[in-house]
Amino acid sequence: MSALTAPSPAPRRVRRTDRQWAGFWFVLPFLIVFAVTFLAPLAYSIYLSVFRTKLIGGTSFVGADNYLQAFSDPQFWAGFGNVFLVLVIQVPIMLLLALVAALALDSRRLAGSSFFRIGIFLPYAVPGVVAVLMWGFMYSDRLGLAGNINQLVGFDLVTPFTQQWILLAIGNIITWEFIGYNMLIFYSALRTIPEDLYEAAALDGAGQFRIIRAIKLPALRGALVIATIFSIIGSFQLFNEPNILKTLVPNLLTTYFTPNMYAYNLSFIGQQVNYAATIAIIMGIITAVIAYVVQLRGTRKENR
């Protein structure tokens, strides 16, 4: 007679162990910092943007009134127009110069490439305030380089501190500051290209321009997308350069020259915190949408 076999026990529900939660504990410090420094201020700004504080009546809920006011505010759109011009004019020039510099350094035909690499990147290491003050001195028509050139030629040839040239002068400062940063992004991407591709291209008799067009530029597509997104964000956040130059030429730059300057002056000088938060939220949404569109188009082209 065979012994009766006991029925197999039902499978036990697996409980999460400390090991399974290990990844979460590693990420938790970042999540806390992210929530405190980004999500909480963002939520508070959205909260402020739907209220309005008046001298008589105090703070009251106004819903979307602040946003409607911003969309019909000529000062906001004037500042937005300035940063948009920087985006469509200065950013392509800066990225093109950074790309040329990266290709020149990667060609291995440039004598003293290490010196030029450090020299091009060095302006990015200069603090922004120092850079703007330095360029502000050179732009001066009395003691600076611009004044010396005008005195040499006998007429006003270089006039950066004028209404028609001030935006170009600011764009020149930004270009000088960030060419090295973008050049480093492109150069790092170029250094990841396998040497086998260059050897195959040499066997096929491809010249330098063919190698750039067929190998290097396709490999740089992802880096170009990243640099473009960073430049878009930087353009819409333009603040330091015009705000510091305003101390040198107070009658030339308005308090709403850029949306960030407008929000800053509304908040800290005009005591209109709610409307300043509205301007910041609108600019954040515009920046995010444009950056997302650029990323989406760049990703699609890269996957083709």
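Look up: the structure comes first, before these words.
Residues numbered from 1 in each chain as written. Predicted model: local features only at pLDDT ≥ 70, side-chain atom pairs only at ≥ 80, totals over all residues. Heavy atoms only, no water.

## Regarding the overall build of the chain
Here's step 1: Of regular secondary structure, the chain possesses 13 helices and two strands.
Here's step 2: Its C-alpha radius of gyration of 27 Å places the chain more than 25% over the 19 Å reference for a compact globule of 304 residues.
Here's step 3: For the chain, the proportion of its 304 residues judged to be buried stands at 34%.
Here's step 4: Taking as baseline every contact in the chain between residues at least 6 positions apart, the subset at least 24 positions apart corresponds to 66%.
Here's step 5: Surface summary for the chain: the accessible area is close to 19,500 Å², and the carbon and sulfur share equals 66%. (Helix = DSSP H or I, 4+ residues; strand = E, 2+ residues; numbered from the N terminus. Rg over C-alpha atoms; globule rule 2.2 N^0.38 Å. Buried < 20%, exposed > 50% of the residue type's maximum accessible area, 1.4 Å probe, protein only. Contact = heavy atoms within 4.5 Å. Areas by Shrake-Rupley, 256 points an atom, 1.4 Å probe, with all protein chains shown as cover.)

## As for a nonpolar patch on the surface
Here's step 1: Side chains of Trp21, Phe24, Trp25, Phe26, Val27, Phe30, Leu31, Phe34, Phe38, Leu39, Leu42 and Ile46 sit close together on the surface and give an oily, nonpolar patch of about 1,200 Å² of accessible area.
Here's step 2: Here Leu39 is to be found in helix α1 (residues 22-49).
Here's step 3: Residue Leu39 is classed as partly exposed on the basis of its relative accessible area of 42%. (Patch = residues over 30% accessible without salt bridge, like charges linked within 9 Å, V, L, I, M, F, W, Y side chains within 5 Å. Salt bridge = Lys/Arg side-chain N within 4 Å of Asp/Glu carboxyl O.)

## A few points about the packing of aromatic side chains
Here's step 1: Evaluated as defined, the whole model comprises 22 aromatic pairs.
Here's step 2: On the numbers, 6.2 Å between centres and 20° between planes, the contact of Tyr44 with Tyr47 is stacked. Note that Tyr44 and Tyr47 are positioned in helix α1 at a spacing of three residues, about one turn of the helix.
Here's step 3: Look at Phe80 and Phe84: their rings are 6.2 Å apart centre to centre, the planes differ by 20°, and that puts the pair in the stacked class. Here the residue Phe80 and the residue Phe84 both occupy positions in helix α3 (residues 74-106), the gap between them amounting to four residues, near one helical turn.
Here's step 4: For Phe80, a relative accessible area of 14% corresponds to the buried category.
Here's step 5: Residue class for Phe84 comes out partly exposed when judged on its relative accessible area of 37%.
Here's step 6: These aromatic residues form a ring-pair network of at least three members: Phe76, Trp77, Phe80, Phe84 and Phe236. (Phe/Tyr/Trp six-rings, centres within 6.5 Å; stacked < 30°, edge-to-face > 60°.)

## Details of α3
Here's step 1: Taking 1.5 Å per residue as the helical rise, α3 with its 33 residues ought to reach 48 Å, and the 47 Å between its terminal C-alpha atoms agrees with that figure.
Here's step 2: Its maximal kink placed at Gln90, α3 deviates by approximately 35°, while the proline Pro92 follows within four residues.
Here's step 3: Where α3 begins, one side-chain oxygen reaches toward the backbone nitrogen of Gln75, 3.0 Å away; that side chain belongs to Asp73.
Here's step 4: Within two residues after α3, Arg108 carries a phi angle of roughly 65°, on the positive side. (Expected span 1.5 Å × (residues − 1). Bend = angle between axes of the 7 residues up to and from the residue. Polar contact = N/O pair within 3.5 Å; in protein donor to acceptor, adjacent residues only side chain to side chain.)

## Examining helix α5 (residues 128-139)
Here's step 1: Here α5 spans 16 Å end to end across twelve residues, near enough to the 16 Å set by a 1.5 Å rise per residue.
Here's step 2: Residues of α5 that are buried include every one of Ala131, Val132, Trp135, Gly136 and Tyr139, and no others. Projected down its long axis, α5 carries its buried residues within an arc of 130°, all on one side. (Arc of directions from axis to C-beta.)

## Considerations on the pattern of salt bridges
Here's step 1: The final tally for this structure, using the stated rule, is two salt bridges.
Here's step 2: With a shortest N-O distance of 3.4 Å, Asp106 and Arg191 are connected by a salt bridge. Of the two residues, Asp106 is situated in helix α3 and Arg191 in the loop between α7 (166-190) and α8 (195-203); the sequence distance between them amounts to 85 residues.
Here's step 3: You can call Arg191 partly exposed: its relative accessible area is 43%.
Here's step 4: Using a relative accessible area of 5% as the deciding quantity, one classes Asp106 as buried.
Here's step 5: Through salt bridges that share partners, Asp106, Arg191 and Lys216 make up one connected network.

## Overview of the side chain of Asn265
Here's step 1: Among the structural elements, Asn265 can be located in helix α12 (residues 259-268).
Here's step 2: Classification of Asn265 as buried rests on a relative accessible area of 13%.

## Points about the packing of α3 against α7
Here's step 1: At their nearest, the axes of α3 and α7 sit 7 Å apart, and the two run at 40° to each other. As judged from the angle between their axes, α3 and α7 are oblique. Between α3 and α7 the crossing geometry is right-handed. (Axes fitted to C-alpha atoms, helices over the stretch in contact; angles between N-to-C directions. Parallel < 35°, antiparallel > 145°, perpendicular 65-115°, else oblique. Left-handed = near helix turned anticlockwise from the far one by under 90°.)

## A closer look at the nonpolar core
Here's step 1: Membership of the largest hydrophobic core comes to 62 residues, with the highest contact counts inside it found for Ile166, Ile170, Phe186, Leu220, Phe236, Leu245 and Ile279.
Here's step 2: If you tally residues by element for this core, the top one is α3, at 14 residues.
Here's step 3: Contact partners of Leu245, with chain neighbours within four places excluded, come to Val132, Gly136, Phe161, Ile166, Ile170, Ile173 and Leu253. (Core = buried A, V, L, I, M, F, W, Y, C linked by side-chain atoms within 4.5 Å.)

## So, the side chain of Asn274
Here's step 1: In this fold, Asn274 is placed in helix α13 (residues 273-303).
Here's step 2: Classification of Asn274 by relative accessible area gives buried; the value is 9%.
Here's step 3: Among the polar contacts listed, one links the side chain of Asn274 to the side chain of Thr53, at a separation of 3.2 Å.
Here's step 4: Once you skip the residues sitting within four places of it in the chain, Asn274 turns out to touch Leu48, Ser49, Phe51, Arg52, Thr53 and Asn66.

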